Amino acid sequence: MAISVARLVSAFQFCPGACVFGARASRDPAPSLQSRAFNLLLRQLPYKAQLASAEAVQARVQKLALAPASHEPIGLGRDVEVTLTKMGGWPVYYTAPSSGHEGCNYVMFLHGGGYINEIVPAHWRFVGEMTRKARVSCVVPIYPLAPRATAKDVVPATAELLRMLLEDAGEAKVTVVGNSAGAGLALAACQWLRDRGHRQPSRMLLISPAADASVSRPEQLAIAARDPIQDIPGIVEAARLYAGELDVGHPFVSPLNGGFRALAPMTIFSGTRDLLYPDSVDLAARARVVGVPVELHLLREQPHNFALMPTPEGRRARAIILREVA
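As the structure is a prediction and not an experimental result, all values here were calculated from the model.

A.B. asks: Would you mind going over the overall build of the protein with me for this structure?
C.D. replies: Scanning the protein from N- to C-terminus turns up 10 helices and 10 strands. Taking 326 residues into account, the globule formula puts the C-alpha radius of gyration at 20 Å, and the protein, at 18 Å, falls close to it. When the accessible surface of the protein is split by element, carbon and sulfur atoms take 56% of a total near 13600 Å². When the 34 basic and 28 acidic side-chain charges of the protein are each reduced to a single mean position, those positions are 6 Å apart.

Structure follows, in structure tokens:
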């Protein structure tokens, strides 16, 4: 490929304020006081310690095996109806506005958590916000976690659920929204659909996507020191558990290594305090080369998953998401 990722990353790394590359370009002010304070707060929380080493990840997995986390909806808010069904043996939640969902568009939401952590209340609050404000019906698969389940089974099963949703939705719009590991799963599932000749969703909205499980770019070492949430050893170990018998470079695990031609249009959110952000830059570049419309929102000094956070930058990102899914 002719594009130099190192050159792209170098060009984007020191954007003054936010860098938005795509159909609607804009300039945003420097990071807000709230987001700077939130970065400091994140440093005090245990997230980074849980990814500091392979041993920390293994301890986390063992703890969750003994006491699995609940996946029940918490924090959806008012005016949201929720139902639970099972598809392919997985729990699948459906949300809809309590005033009725006739004529609603659909969102499939795939949660993050490094493929080892269950959906959390912050994810459910986001699902509730999309349901209530954008008046969409959200489909939330509770996919099984590594190491009990691995990419070889999770990706095709997720893609099959998406295929059925696209078929059942008829003329309604279907958008796939994923954050972190869920965004990587969304991309891999859409590649699976494309490779088998199935329809694509209307759009993919990818928040801090986990696109390359190797985390092997030299510049990521420096970014990791500034990332308040993630660390390389833990990401690599979680990816190894999720890969199972596959190589971590397999497109099911690292969809950056898959093909991009004929995929759905993408909107990508990332920040330069996220050690995964160079992969988002590369992802956008590779998709554009083969004609896939991409809008990349890369914000300076924003952390992993900033779009879900209670900051001005997070609220602006969610406003974009609400417009896209409605």
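On we go from here.
A.B. asks: What's the story with helix α8 (residues 232–243) in this structure? I'm lost.
C.D. replies: Working note: α-helix, 3.6 residues per turn, so residues spaced by three or four point in the same direction. The first and last C-alpha atoms of α8 sit 16 Å apart over 12 residues, in line with the 16 Å expected at 1.5 Å per residue. Of all 12 residues that make up α8, nine are buried, and the element is covered over most of its length. All buried positions along α8 are accounted for by Ile-232, Gly-234, Ile-235, Glu-237, Ala-238, Ala-239, Leu-241, Tyr-242 and Ala-243. Along its buried surface, α8 packs onto α3 (54–66), α5 (151–169), α6 (181–195) and α7 (219–226). One or two steps after α8, the chain reaches Gly-244, where phi turns positive at roughly 60°.

A.B. asks: In this structure, what is going on with the packing of aromatic side chains? I would like to understand it.
C.D. replies: Ring pairs (aromatic) are described by centroid distance and by the angle formed between their planes. With the rule as written, the count across this model stands at three aromatic pairs. With a centroid separation of 5.7 Å and an interplanar angle of 80°, the aromatic rings of Phe-109 and Phe-126 are classed as edge-to-face. Highlighted residues: Phe-109 in strand β5 (residues 105–110) and Phe-126 in helix α4 (residues 121–133), separated in sequence by 17 residues. Measuring from centroid to centroid gives 3.6 Å for Tyr-115 and Tyr-242, while their planes differ by 0°, and the two rings are stacked. Placement of Tyr-115 in the loop between β5 and α4 and of Tyr-242 in helix α8 is noted, with a sequence separation of 127 residues between them. On the basis of relative accessible area, Tyr-115 is assigned to the buried category, the value being 7%.

A.B. asks: Sorry, what's going on with empty space enclosed by the protein here?
C.D. replies: Any empty space left between the atoms is revealed when a probe the size of a water molecule rolls over them. Within the structure shown, the criterion is met by two cavities of 30 Å³ or more. By volume, the second largest cavity is sized at about 30 Å³. Lining the second largest cavity are Ser-35, Phe-38, Asn-39, Leu-42, Gln-302, Pro-303, Met-309 and Thr-311. Of the residues contributing to the lining of the second largest cavity, the split by class is four nonpolar, four polar and no charged.

A.B. asks: Explanation requested: the nonpolar core in the structure shown.
C.D. replies: Within soluble globular proteins, side chains that are nonpolar tend to cluster in buried spots. In terms of nonpolar packing, the biggest core is built from 71 residues, with Met-204, Tyr-242 and Met-266 touching the most fellow members. Examining the composition of this core, we find that 10 residues originate from one element, α6, more than from any other. In this structure, Met-204 is in contact with Val-176, Ala-186, Leu-187, Cys-190, Leu-263, Ala-264, Pro-265, Met-266 and Thr-267, ignoring residues within four places of it in sequence.

A.B. asks: Even after reading the chapter, I still don't get the pairing of strand β4 (residues 90–97), so can you show me in this structure?
C.D. replies: It is a general feature of regular strands that their side chains alternate between the two faces of the sheet. Summarising burial for β4: seven of the eight residues are buried, a large majority. Where strand β3 (residues 80–87) meets β4, eight bridges bridge the pair, whose relative direction is antiparallel. Within β4, the residue paired with Glu-81 across the bridge is Ala-96.

A.B. asks: For this particular structure, what's the right way to read the state of the cysteines?
C.D. replies: By definition, a disulfide links the sulfur atoms of two cysteines through a covalent bond. The final tally for this structure, using the stated rule, is zero disulfides. Just so you know, Cys-104 is unpaired, no disulfide at all, and the nearest cysteine sulfur is the one on Cys-138, 9.6 Å from it. According to the relative accessible area criterion, Cys-104 is buried, its value standing at 7%. Sulfur of Cys-190: no disulfide; nearest cysteine sulfur belongs to Cys-138 and is 16 Å away. Take Cys-190: its relative accessible area is 0%, and that puts it in the buried class.

A.B. asks: Explain the environment of Gln-230 here, please?
C.D. replies: Structurally, Gln-230 can be placed in the loop between α7 and α8. Classification of Gln-230 as buried rests on a relative accessible area of 5%. It is 28 Å that separates the C-alpha atoms of Gln-230 and Glu-324, two residues lying 94 residues apart in sequence. Apart from residues no more than four positions distant in its own chain, Gln-230 is found in contact with Lys-48, Leu-51, Ala-224, Ile-235, Asp-274, Leu-275, Leu-276 and His-304. Side chain to side chain, Gln-230 and Asp-227 meet in a polar contact 2.9 Å long.

Thresholds, definitions, all that
Residues numbered from 1 in each chain as written. Predicted model: local features only at pLDDT ≥ 70, side-chain atom pairs only at ≥ 80, totals over all residues. Heavy atoms only, no water. Helix = DSSP H or I, 4+ residues; strand = E, 2+ residues; numbered from the N terminus. Rg over C-alpha atoms; globule rule 2.2 N^0.38 Å. Areas by Shrake-Rupley, 256 points an atom, 1.4 Å probe, with all protein chains shown as cover. Lys, Arg positive; Asp, Glu negative; His and termini not counted. Charge placed at Lys NZ, Arg CZ, Asp CG, Glu CD. Expected span 1.5 Å × (residues − 1). Buried < 20%, exposed > 50% of the residue type's maximum accessible area, 1.4 Å probe, protein only. Contact = heavy atoms within 4.5 Å. Phe/Tyr/Trp six-rings, centres within 6.5 Å; stacked < 30°, edge-to-face > 60°. 1 Å grid on protein atoms, 1.4 Å probe; cavity = no way out; pocket = protein on both sides within 12 Å on 5 of 7 lines; lining within 4 Å. Points joined across faces, edges and corners; volume = space filled by probe spheres on them. Nonpolar A, V, L, I, M, F, W, Y, C, P; charged D, E, K, R; others polar. Core = buried A, V, L, I, M, F, W, Y, C linked by side-chain atoms within 4.5 Å. Pairing = 2+ DSSP bridges. Disulfide = S-S within 2.5 Å. Polar contact = N/O pair within 3.5 Å; in protein donor to acceptor, adjacent residues only side chain to side chain.

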